[in-house]
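Chain residues, written in single-letter form:
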Amino acid sequence: MSSDYAVEAEGLVKSYGDVKALAGVDLRAPAGSVLGLLGPNGAGKTTAVRILTTLLPPDSGSARVAGLDVVADATALRSQIGLAGQYAAVDENLTGAENLEMVGRLYHLGKAKSRERARELLERFELDEATDRLARTYSGGMRRRLDLAAALVAAPPVIFLDEPTTGLDPRSRANLLETIEGRVAEGTTVLLTTQTLDEADRLADSISVIDHGKVIAEGTSDELKARVGGERLEVTLTEGSQQEQAIEALVPLAEERPACENGILKLPMRDGAGGIAEAVRRLDQAGAGIEDIALRRPTLDDVFIALTGRAAEHEQREGEEREPAEEVAA
Amino acid sequence: MSALQYAASDTLVLAKRNLARIPRAPDLLISYTVQPVMFVLLFVYVFGGAIELPPQFGDYTDFLMPGIVVQTMAFGGFVTAIGLSEDLRKGLIDRFRSLPIARSAVLAGRTISDIALNLLSIVIMMGVGLLVGFTFEANVLEILAGVGILLLFGYAWSWFFALMGLTASSSESAQAGFIVIFPLTFASSAFVPPDSMPAGLQAFAEANPFSTVTDAIRALWLDLPAHTDVWMSVVWSVGLILVLAPLAASRYRKATHR
């Protein structure tokens, strides 16, 4: 295995009884990059993270993180990684500062350094007002930020974020994404799991799509989008507007000829076509009145439909295969 | 620092964290302060007059205090059960295990903080005991030896609670430990002389480690003949630790490998 990769996994297999959580997963993230693991609930994302963070030994296969084997070098590896799991794992009966100082001490940073890091991080995560308040008084968003701060206490070269934005309001979510981007800019390698393509799209240099314990596609977000079909423009015209003229006006922007369904024009947008602004200008020139116009980004469902021919089945239970949902594909 | 020094430091950091919780959670603080006081007062004044004592005991307070302190020691670890099962549920154990700490630190930190809490309970209970008429017939060394045996026995039960906390799926079921400890303490010499019990129960009470430890404390603190009780208390405690600690450690590994 090459040491250019900060995260490198080959053939990871993990079963729980009869259930195969991972059925041979390969992952690669170059140092300083962001790898997004995209997949529905139960796809095996969390299992992969638990193996890569030494919490769980794989049944077979091997993985190296920061050049260290996750099984043989587990102890040494733990000082090189930070983990923010699906639950905000903070001690509710400690203050924000105490939480981070404790984590610093457990990373063996020493008392003074731990205190200093705690102060720095609380400030950076806009928790300085809440430094000496017990974490149980924190809002969900504040807990999440504290949890992420804990993962960064030792400024580890590789961090693992398991669905870091689950349950966050849009503002907290935006803050968190900005923070992660900041870390990446400083050279940290990030492995991030998510259920939303949007998030993977924004953060990840490369994306591995996982389903039923297997990587079913990998590539940059542009590459994946190309397979999904990119963005779709949806236009509702005002009454009395000439539909044919509007369609002609939009043809140069579209991958294929725009179709009209239930009075809504739908077209897959060509890359670099100028987006919604260009569409509005052309429709205006053609004299078409716009009632509503929206750019719909591909969702996880779109990715799954494109890759597997079925919807992502977010809440699918074990053994309950659903038929490909036509209404979603429509 | 050496690996051993790191292990000690990790354990202390985690023990400190466990203890920080107590004054911040009023229900827990009450169970280590008000509750023992309440038990002493209830037993002394409610049962005190009704129980016929062997002649070597001056009054029921002298008879009761060693027994009730032993019972309190056994229960002291309940906070370990609650704490561990919460830490598992809330993902803190995963966080700790992803950190470069000694494998033993989480469980050692828990059980060691129980020792500090048990010491607090002993001081409070014996303070109240002295106020309601308990008298030591012992020198400082004998008193301290008694405290040492109490803490060792309490430490053994902390491992029992650690095992419960890691096995039970919630804090509530972790408290199922009480179902084991309550009958054991009452079917012993802790509160009444076993010879007042029916024959079968009496035999059980005499073989019960709670009787052994209670009688050891009585021997040390009330200047009574110890027979084998003092060293058998140590044997029981160490034996319990040798059985329960590896079980808890193995449970910990399994619970965290899900």
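Here the structure is a predicted model, which means the values were calculated and not measured. (Residues numbered from 1 in each chain as written. Chains lettered and ligands numbered in written order. Predicted model: local features only at pLDDT ≥ 70, side-chain atom pairs only at ≥ 80, totals over all residues.)

Peer 1: What exactly am I supposed to notice about the overall build of chain B here?
Peer 2: Along its length, chain B carries 13 helices and zero strands. Counting from the amino terminus, chain B carries its helices and strands in the arrangement α-α-α-α-α-α-α-α-α-α-α-α-α. The C-alpha radius of gyration computed for chain B amounts to 19 Å, which stays within 12% of the reference 18 Å derived for 258 residues, consistent with globular compactness. Overall size of chain B, expressed as C-alpha extent along the three principal axes, is 60 × 35 × 35 Å. Looking at the 258 residues of chain B, the share that counts as buried comes to 45%. Long-range pairs, those at least 24 residues apart, make up 78% of the contacts in chain B with a sequence separation of at least 6. (Helix = DSSP H or I, 4+ residues; strand = E, 2+ residues; numbered from the N terminus. Rg over C-alpha atoms; globule rule 2.2 N^0.38 Å. Buried ≥ 20, exposed ≤ 12 C-beta atoms within 10 Å, placed from the backbone. Contact = placed C-beta atoms within 7 Å.)

Peer 1: What's the story with the environment of L27 of chain A in this structure? I'm lost.
Peer 2: Residues and elements named next belong to chain A. Mapping L27 onto the fold places it in strand β2 (residues 19-30). Residues L27 and S208, 181 residues apart in the sequence, show an inter-C-alpha distance of 7.6 Å. With residues up to four places along the chain from it excluded, the contact list for L27 reads V7, A9, L35, A48 and S208.

Peer 1: Is there a simple way to explain the interface of chain B and chain A in this structure?
Peer 2: Often the size quoted for an interface is simply the accessible area lost on bringing the parts together. In this assembly, 20 residues from chain B lie in contact with 24 residues from chain A. Of all the elements in the fold, those that place two or more residues in the side of chain B that touches chain A are α1 (3-21) and α6 (92-97) of chain B. Tallied by class, residues from the side of chain B that touches chain A come to eight nonpolar, four polar and eight charged. (Nonpolar A, V, L, I, M, F, W, Y, C, P; charged D, E, K, R; others polar.)

Peer 1: Would you take a moment to explain the environment of S188 of chain B for this structure?
Peer 2: Residues and elements named next belong to chain B. As for its placement among the helices and strands, S188 is situated in the loop between α10 (177-186) and α11 (199-207). Judged by local crowding, S188 falls into the buried class, with 26 C-beta atoms found within 10 Å. Taking C-alpha positions, S188 is 24 Å from T33, a pair spaced 155 residues apart along the chain. When near neighbours in sequence (up to four residues on either side) are disregarded, S188 contacts A205, N208, F210, S211 and T214.

Peer 1: When you look at the confidence of the model for chain A in this model, what are you seeing that I'm missing?
Peer 2: Any segment with low pLDDT has predicted coordinates that should not be analysed in fine detail. Per-residue confidence for chain A gives a mean pLDDT of 84; residues scoring 70 or more make up 90%. Under a pLDDT of 50 for its full length, residues 314-330 of chain A has, in the predicted model, 15 contacts with residues more than four places off or in other chains. (pLDDT = per-residue confidence, 0-100.)

Peer 1: Would you mind going over the nonpolar core with me for this structure?
Peer 2: Grouped burial of nonpolar side chains is what soluble globular proteins tend to show. In terms of nonpolar packing, the biggest core is built from 145 residues, with V7, L52 and V65 of chain A together with V70 of chain B touching the most fellow members. When residues of this core are assigned to their parent elements, the largest contribution, 13 residues, is made by helix α8 (residues 140-167) of chain B. Those residues in contact with V70 of chain B that sit more than four places away from it in its chain are L150, F153, A190, F210, V213, T214 and I217 of chain B. With 15 residues, the next largest nonpolar core counts L233, V235, A246 and M269 of chain A among its residues. (Core = buried A, V, L, I, M, F, W, Y, C linked by C-beta atoms within 7 Å.)

Peer 1: Looking at this structure, how should I read helix α1 (residues 45-52) of chain A?
Peer 2: An α-helix turns once per 3.6 residues; consequently, residues spaced three or four apart project the same way. Residue and element names in this part refer to chain A. With eight of eight residues buried, α1 is to be regarded as a mostly interior element. Of all the residues in α1, the buried ones are K45, T46, T47, A48, V49, R50, I51 and L52. Directly after α1, the chain includes T54, whose backbone phi takes a positive value near 70°.

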